[in-house]
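Each chain, written out:
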Amino acid sequence: MTLTSDDYFSLPADLHPQALPAHVAVIMDGNGRWATRQGLPRVAGHRQGAKTVKDLLRCCNDWGIGALTVYAFSTENWRRPMEEVNFLMRLFDRLLRRELAEMQQEGVRIQFLGDLSPLPERLRSLMAEAMALTRPNQRVQFNVAVNYGGREELVNAARNLAHQVMSGTISLDGIDEAALGRALLTEGLSDPDLLIRTSGEQRLSNFLPWQLAYTELYFTDQLWPEFDRAAFHQALHWYQSRQRRFGGLARSPIAHGF
Ligand code: FPP
């Protein structure tokens, strides 16, 4: 496909359209601290954080970035106070209801990654409806990790492959990286090229441990609710300055367009 400048309407001039990450993953950290600094309850940080996600998704759409994966709720987040967990569940519910039509209009395909079974029934059916409705969309793939844990994902993949060997669907030698990749929740998605984590923490926190093996990791002190278009621009600029080697010789995203 030939790309024209119209495809990248509003892409900042110092970013190379051919060297953008195809898939960006984000650990949205610092909502609580942002709220506390403003003298607000923690949940106000999540509400503001939701606006940031919406802006980032729109930005990916505008700039031609095909996939965005965000860590919205980890398997460990159930340990938070009940009121905060309930608030987050209600926020996901409200956002889906409010934003679904617009996402559909903008060609966004939404997918939820994680064990959705413990979530409230109403939210689960809303999620299933949103996934089914937006499945044909191709402009941006928006993955929301909810009740997601990377190690659990790998354990389930191992179990799945063991079943396949036991039932004779594949041989033991058939277990390779591609087979394991197909047994993950991210089946069919390319691995993230860029991971962004806000709030100064520098760890993966059980987020996509397999998929992030070769990903460029970008850490910023900004808190998630402050992570605006300018901050994303800066992260992309940093990404384009990196040399991606994948264990081989130096290749920069700009020279090679990946
Ligand atoms: C981490 O900040 C944030 C979360 C656990 C929740 C993220 C959820 C949203 C931004 C809501 C909307 C998202 C979608 C995709 C619908 P923290 O609370 O751990 O912050 P802290 O470290 O400062 O306490």
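That block above? That's the structure.
The rules behind each value
- Residues numbered from 1 in each chain as written.
- Predicted model: local features only at pLDDT ≥ 70, side-chain atom pairs only at ≥ 80, totals over all residues.
- Heavy atoms only, no water.
- Phe/Tyr/Trp six-rings, centres within 6.5 Å; stacked < 30°, edge-to-face > 60°.
- Helix = DSSP H or I, 4+ residues; strand = E, 2+ residues; numbered from the N terminus.
- Near = heavy atom within 4 Å.
- Polar contact = N/O pair within 3.5 Å; in protein donor to acceptor, adjacent residues only side chain to side chain.
- 1 Å grid on protein atoms, 1.4 Å probe; cavity = no way out; pocket = protein on both sides within 12 Å on 5 of 7 lines; lining within 4 Å.
- Sits in = over half its atoms within 2 Å of the grid points.
- Nonpolar A, V, L, I, M, F, W, Y, C, P; charged D, E, K, R; others polar.

Visitor: Describe the packing of aromatic side chains, with residues and values.
Guide: For the structure on display, the rule yields 7 aromatic pairs. Centroid distance W63 to F232: 6.0 Å. Interplanar angle 0°. Geometry classified as stacked. Of this pair, W63 sits in helix α2 (residues 42-63) while F232 is found in helix α7 (residues 229-241), placing the two residues 169 residues apart along the sequence. Taken together, a centroid distance of 5.2 Å and an interplanar angle of 55° make the contact between Y218 and W238 tilted. Of the two residues, Y218 sits in strand β6 (residues 216-219) while W238 sits in helix α7, which places them 20 residues apart along the sequence. In textbook terms, an aromatic cluster arises when at least three aromatic residues are bridged by ring pairs, as seen for Y71, Y148 and F207.

Visitor: Could you give me a rundown of the site of the ligand, with the residues and numbers involved?
Guide: In the vicinity of the ligand there are 18 residues, among which M28, G32, R33, R42 and R80 approach most closely. Separating an oxygen atom of the ligand from a backbone N or O atom of G30 is a distance of 3.3 Å. Take N31: an N or O atom from its main chain is 3.1 Å from an oxygen atom of the ligand. Judged by its atoms lying within 2 Å of the grid points, the ligand is housed in the largest pocket. Mapped by element, the contributors of at least two residues to the shell around the ligand are α1 (31-37), α2, β2 (67-74) and α3 (82-105). In terms of residue count, α2 provides more of the shell around the ligand than any other element does, 4 residues in total. When the residues that make up the shell around the ligand are grouped by side-chain class, the tally is 8 nonpolar, 6 polar and 4 charged.

Purely spatial values, then, with no claim about function.
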